[in-house]
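# Per-entry structural report
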Amino acid sequence: MQSFHLTRRAVLAGLGATALSARAGFADPAPIPLTAQRALAQIAPEGYPQTEIWSYDGRLPGPELRLAQGTRLQRRFVNSLEVPSSVHWHGIRIENAMDGVAGLTQEAVAPGASFDYDFVAPDAGTYWYHAHTHSMEQVARGLSGALIVQERDAPDVDRDEVLMFDDWLLDPQTAQIAPDFSHPMDLSHGGRFGNLIGTNGRFALTLRAKRHERLRLRLINAANARIFVLRLTGLSGWQVALDGMPLPAPEPIAQEIVLAPAQRIDLIVDVTAEGQEAAIERLGNDAQWSRQVGVQITGAASRSRRAPPAALPPNPKMDPPDLAQARPLEMKIEGGAMGRMPMSRMRGLMQSGKFWTLGGQAGPVDPPFARLFLGEPVRLRMVNDTAFPHAMHLHGMHFREVLEGERFGPMRDTLLTEAGASHEIAFTADNPGKWLLHCHMLAHAAAGMTSWIEVS
Ligand code: C2O
Ligand code: CU
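To keep things clear, this report deals only with the structure shown in the data block.

About the criteria used
- Residues numbered from 1 in each chain as written.
- Chains lettered and ligands numbered in written order.
- Predicted model: local features only at pLDDT ≥ 70, side-chain atom pairs only at ≥ 80, totals over all residues.
- Heavy atoms only, no water.
- Helix = DSSP H or I, 4+ residues; strand = E, 2+ residues; numbered from the N terminus.
- Buried < 20%, exposed > 50% of the residue type's maximum accessible area, 1.4 Å probe, protein only.
- Contact = heavy atoms within 4.5 Å.
- Phe/Tyr/Trp six-rings, centres within 6.5 Å; stacked < 30°, edge-to-face > 60°.
- Pairing = 2+ DSSP bridges.
- Axes fitted to C-alpha atoms, helices over the stretch in contact; angles between N-to-C directions.
- Donors = N, O, S within 2.8 Å, 3.2 Å for Na, K, Ca; no water.
- Salt bridge = Lys/Arg side-chain N within 4 Å of Asp/Glu carboxyl O.
- Core = buried A, V, L, I, M, F, W, Y, C linked by side-chain atoms within 4.5 Å.
- Polar contact = N/O pair within 3.5 Å; in protein donor to acceptor, adjacent residues only side chain to side chain.

Right, let's talk about the overall build of the protein chain for a bit. Helix and strand counts for the protein chain stand at five helices and 30 strands. Taken along its principal axes, the extent of the C-alpha atoms in the protein chain is 80 × 60 × 55 Å. With 456 residues in all, the protein chain has 54% of them scored as buried. Residue pairs at least 24 apart in sequence account for 75% of intrachain contacts in the protein chain once pairs closer than 6 positions are excluded.

And the structure:
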């Protein structure tokens, strides 16, 4: 009997040279699957039952996907849930057809069906992936994971740790996810908040480190609505990237790090604690700090003093847009509880299950908020005329905030706007396709805060 382990050479030897073209039927091997499926996870503290979640590959968060900058990610998304789904690769300046937005860039993948995602990751940095079909429910049930694109020249650190912050709304008796995803209170106020806050799918995460070690921490806010306010104790260092994009120079870490839903920040920290413990702490609603991630210190690294890190290598296409040529646009954010939207209009909205509008529309609607020419610079003023903060996210392109004196802020894909504030962002519309612009407080997105632009 013939061996199954034919060498490549043996196969080629048996074929004429003309048969070597791609058309000759050497099918590419099937891409590695990424399967949406039910699973159990110990989110709540030991002693509580496991929580039934919707997962990628049975894990919470989903598997950490890592690839080198400029290479392809190929994954066969297999939907083993009973509901349609799709995968969005948040922050990747991706080809439109791979963006994963059901109803805009692809059909939702039916239960039992699959979809092959295949795209190049042009930018190094910290990204994440999550469901983009009924995302308010699907992300809350567990469908998210980290997507790390590695620099060709990685910074000199002892360890690289991904910390995905999330919260879950669990029944305190059974530890099961509260199934009411259309509560008007969540939709019209700050969004759906969890009653259990954790990291990497766990209620209390503790890392180990040695004194004087240098760590790269990749912080990701995967929560539906919670804005994390964090501080470090026993760790000190620099912030080096925001939303994946490297800062021009490392900056000392702010006293308080504010991380809105979907935002990321990369830190390079040295373990400087004198005692046995360091931590990342979170500011609670009660104005108290509590531990978000513990760091248990065992021993000391050999090198005790290090020079500050260099900046991360820049990504391609980080040039600021040409403001002089930019098309000005304005988008009002209106609605919600305690807002200034007239009650008559609010009632009309609520009849269709919506509470918010972007640019006067409770979306998504046709036509798009704006049609832009490929390569056109744009400046977009977003006016938050509501009583709540919103984390505004643009797909497909990063933008910069236009600060006073027409200075530019860092490149981001998600901007936090406080209640009553107004921000101007600018970008070059250099990625063709249909791109969502929405609030990443996912209950708000479901209740009208979903808009889109078209670039062609
Ligand atoms: Cu993080 Cu529209 O997505
Ligand atoms: Cu919002």
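This part takes up the packing of aromatic side chains. In this structure the tally under the stated criterion is nine aromatic pairs. A ring pair is formed by W89 and Y117, whose centres lie 5.4 Å apart and whose planes are at 70°; its orientation type is edge-to-face. Here the residue W89 occupies a position in strand β5 (residues 87–90), and Y117 occupies one in strand β6 (residues 114–120), the gap between them amounting to 28 residues. Using a relative accessible area of 1% as the deciding quantity, one classes Y117 as buried. Between W89 and F119, the ring centres sit 5.1 Å apart and the planes meet at 50°, which makes this aromatic pair tilted. In this pair, W89 sits in strand β5 while F119 sits in strand β6, placing the two residues 30 residues apart along the sequence.

Strand order in the open sheet made by the five strands is β11-β19-β18-β13-β16, with mixed pairing throughout. Every interior strand has two partners, whereas the edge strands, β11 (205–211) and β16 (257–259), have only one. Strand-to-strand twist of the sheet, defined as the mean angle between neighbouring strand axes without regard to direction, takes the value 25°. Relative to strand β19 (residues 289–300), strand β18 (residues 277–283) is paired through seven bridges, and the arrangement is antiparallel. Along β19, the bridge assignment pairs A279 with G294.

Protein coordination at the copper ion (ligand 2): the donors are H390 (ND1), C439 (SG) and H444 (ND1), at 2.0 to 2.1 Å from the metal. Here the donor residues for the copper ion (ligand 2) map to a single chain with the spacing H-x48-C-x4-H. One end of the pair, H390, is in strand β24 (residues 390–394); the other, C439, is in strand β29 (residues 433–439), and 49 residues separate them in sequence. Given a relative accessible area of 0%, H390 falls into the buried group. Overall, C439 belongs to the buried group, its relative accessible area being 0%.

So, about the pairing of β24. Taking burial as the measure, the five residues of β24 include five buried ones, the bulk of the element. By the alternation rule, side chains of β24 split into H390, M392 and L394 and A391 and H393, which are all buried. Where β24 meets strand β27 (residues 414–417), four bridges bridge the pair, whose relative direction is antiparallel. Opposite A391, over in β27, you have L416 as the bridge partner. Where β24 and β29 come together, three bridges link them in antiparallel fashion. The residue of β29 that forms the bridge with M392 is C439.

What follows concerns the pattern of salt bridges. Applying the stated criterion to the full structure yields 30 salt bridges. Its salt-bridge partner being R216, residue D266 comes within 2.8 Å of it at the nearest N-O pair. With a gap of 50 residues between them, D266 in strand β17 (residues 264–271) and R216 in strand β12 (residues 214–221) connect regions that are remote in the sequence. Take D266 and R216: they sit in the same class, and that class is buried. One continuous salt-bridge network, built from bridges that share partners, spans E64, R66, E151, D160, R216, R218 and D266.

Attention shifts here to the nonpolar core. Counting 82 residues, the largest nonpolar core has W89, L147, L372, F427 and I453 as the members making the most contacts within it. The element that contributes the greatest number of residues to this core is strand β1 (residues 32–41), accounting for four residues. Leave out the neighbours within four places in its chain, and L147 touches L65, L67, L73, W89, I92, G125, T126, Y127, W128 and Y129.

Our next topic: the side chain of D167. By the element assignment, D167 lies in strand β9 (residues 159–168). Taking relative accessible area as the criterion, D167 reaches 6% and is therefore assigned buried. Polar contacts involving the side chain of D167 include one to the main-chain amide nitrogen of G194, which spans 2.9 Å. Side-chain polar atoms of D167 contact the side chain of R226, separated by 2.8 Å. Every residue in contact with D167, bar those within four places of it in the chain, is listed here: F193, G194, L196, I197, A223, N224 and R226.

Further remarks concern the pairing of strand β7 (residues 125–131). Each regular strand displays side chains that alternate between the two surfaces of the sheet. When you tally the buried positions in β7, you get seven out of seven residues, the bulk of the element. The pairing of β5 with β7 spans four bridges and is antiparallel. For V87, the partnering residue across the bridge sits in β7 and is A131.

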